Amino acid sequence: MSAEFNPVIFCDFDGTITMKDNIVNIMDKFAPPGWEGIKDDIMAQRVSIQKGVSKLFALLPTSQKEQIVSFVLEDAEIREGFGEFVQFTREKNIPLYIVSGGIDFFIHPLLEPFGPFDQVYCNESDFSGEHINILYPHECDENCVNQGCGCCKPTIIRENTAQQQTSIVIGDSITDLEAAKLADIVIARDFLLEKCEDLNIPFSPFTNFHDCIRIIEARLNV
Ligand code: MG
Ligand code: ZN
């Protein structure tokens, strides 16, 4: 590894490690009509991610826990090359943080076959009430311009990137946008890719994790 390039990776989960967004999948299947309005408000930044996600899960009764959990675990599909990508980061000794606006009850079981991971940041769930309550153990620090990220990726990047390190953000959607603005290198697909184009944030596109390996390896070999 060249002395100048000392990367640390911050990788999104929903729609990045998995093919689709698991929160959207859950809502599609279990939420009453009208939930799309809340999703649209989140995507258009009319409501904070944290408020929007809380509102969405508050639509779901905890009596459906078992159906919801088994549905999302069965339905989720891991993006091609993720296992090789994890292996690659281990071989090259690149710290890999999984930072997600998704929820613990699907993230931990879906990651398990590829683990163990030391650094997984996500939201948590509380099924003790009548409706699902989402907990946010990784909220925005005072430097986050967004406030209301839920799981604040810029805060996590700031806390875990040393001055001489190069931060790499891999993501697909609105929850990655503030992180992408902060990152040294952005690897993007889908909505995040369009946003990066709109805002003139330099990025490399990806469709699978073989692409991500290739993009990072090219930098390692400079
Ligand atoms: Mg995502
Ligand atoms: Zn934030």
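Just above, that's the structure.
Here we summarise the structure given alongside this text. (Residues numbered from 1 in each chain as written. Chains lettered and ligands numbered in written order. Predicted model: local features only at pLDDT ≥ 70, side-chain atom pairs only at ≥ 80, totals over all residues. Heavy atoms only, no water.)

1. Concerning the packing of aromatic side chains
The cut-off we apply is this: Classification of ring pairs uses Phe, Tyr and Trp, with its six-membered ring standing for Trp, and accepts pairs whose centres are within 6.5 Å; under 30 degrees between planes counts as stacked, over 60 as edge-to-face, and the remaining range as tilted. Helix numbering and strand numbering both begin at the N terminus, where a helix is a DSSP run of H or I of at least 4 residues and a strand a DSSP run of E of at least 2. Only protein chains enter the accessibility calculation, which uses a 1.4 Å probe. A residue is then buried if its area is under 20% of the maximum for its type, exposed if over 50%, and partly exposed in between.
As enumerated under the stated definition, the model contains 11 aromatic pairs in all. Ring geometry for F13 and F106: centres 6.3 Å apart, planes at 35 degrees, overall tilted. Linking F13 in the loop between β1 (7-11) and α1 (22-30) with F106 in helix α6 (residues 104-111), this pair joins segments that are 93 residues apart in sequence. A relative accessible area of 0% places F13 in the buried class. The class of F106 is buried, set by a relative accessible area of 0%. Aromatic pair F105 and F127: ring centres 5.5 Å apart, planes at 75 degrees, arrangement edge-to-face.

2. Comments concerning the coordination of the magnesium ion (ligand 1)
Applicable threshold: Sites may look incomplete because water is not among the atoms; the donors themselves are N, O and S atoms within 2.8 Å of the metal, or within 3.2 Å for Na, K and Ca.
The coordination sphere of the magnesium ion (ligand 1) contains the protein donors D12 (OD), D14 (O) and D172 (OD), at a distance range of 2.1 Å. Between consecutive donor residues of the magnesium ion (ligand 1), the sequence gaps follow D-x1-D-x157-D. Of the two residues, D12 is situated in the loop between β1 and α1 and D172 in the loop between β5 (166-171) and α8 (177-182); the sequence distance between them amounts to 160 residues. Of the two residues, D12 and D172, both sit in the buried class.

3. Looking at the packing of α1 against helix α4 (residues 65-75)
Heads up, the condition is: Note on geometry: axes are C-alpha line fits, over the in-contact stretch for helices, and angles between N-to-C directions span 0 to 180 degrees. Oblique is the label for any angle not under 35 degrees, not over 145, and not in the 65 to 115 range, which are roughly parallel, roughly antiparallel and roughly perpendicular in turn. Crossing handedness follows the turn of the near helix against the far one: under a right angle anticlockwise gives a left-handed crossing, and clockwise gives a right-handed one. The contact rule is simple, with two residues in contact once any of their heavy atoms fall within 4.5 Å. Under this grouping Gly is polar, as are all residues other than the nonpolar Ala, Val, Leu, Ile, Met, Phe, Trp, Tyr, Cys and Pro and the charged Asp, Glu, Lys and Arg.
Direction vectors running N to C along α1 and α4 enclose 130 degrees, while the axes themselves pass 10 Å from each other. Of the possible angle classes, the one that applies to α1 and α4 is oblique. Note that α1 runs across α4; the crossing there is right-handed. Across from N22, N25, I26, K29 and F30 in α1, the residues of α4 making contact are Q67, I68, F71, V72 and D75. When its residues are assigned to classes, the contact of α1 with α4 shows five nonpolar, three polar and two charged.

4. Re the coordination of the zinc ion (ligand 2)
Cut-off, in case you're wondering: Site shape is set this way: if four donors have all angles between 85 and 135 degrees, tetrahedral; if opposite donors are over 155 degrees apart and all others between 65 and 115, square planar for four donors and octahedral for six; otherwise irregular.
Note on the zinc ion (ligand 2): its protein donors are C140 (SG), C144 (SG), C149 (SG) and C152 (SG). The metal-donor distances range over 2.3 Å. For the zinc ion (ligand 2), the four donor atoms are set out with angles of 104 to 114 degrees between them, so the coordination reads as tetrahedral. Donor residues for the zinc ion (ligand 2), ordered by position in the chain, follow C-x3-C-x4-C-x2-C. Each member of the pair C140 and C149 is classed as buried.

5. So, the sheet that holds strand β2 (residues 96-103)
Note the threshold: Note on pairing: two strands pair once DSSP finds at least 2 bridges between them.
Taken in spatial order, the seven strands of this open sheet run β4-β3-β2-β1-β5-β6-β7, and their pairing is mixed. Each edge of the open sheet is held by one strand with a lone partner, namely β4 (133-135) and β7 (204-205). Across five bridges, β1 lies against β5 in parallel orientation. Its bridge partner lying in β5, P7 is registered against T166. Running at roughly 160 degrees to strand β6 (residues 185-188), helix α10 (residues 209-220) makes contact with β1, β5, β6 and β7 of the sheet.

6. Considering the pairing of β6
Selection rule: Handedness of a crossover is defined as follows: orient the strands so they point away from the viewer, and if the path from the first strand over the helix to the second runs clockwise, the crossover is right-handed.
By the alternation rule, side chains of β6 split into I185 and I187 and V186 and A188, which are all buried. Read from β5 through α8 to β6, the crossover connection turns out right-handed. Taken together, β6, helix α9 (residues 190-199) and β7 form a β-α-β motif whose crossover is right-handed.

7. Some remarks on unusual backbone geometry
The amide bond that connects G115 to the next residue, P116, takes the cis arrangement and shows omega of 5 degrees. Residue position: P116 is located in the loop between α6 and β3 (120-126). Even without being glycine, Q45 reaches a positive phi, approximately 60 degrees. With respect to the element layout, Q45 can be found in the loop between α2 (35-43) and α3 (49-57). In this structure, N200 takes a positive phi of about 60 degrees despite not being glycine.

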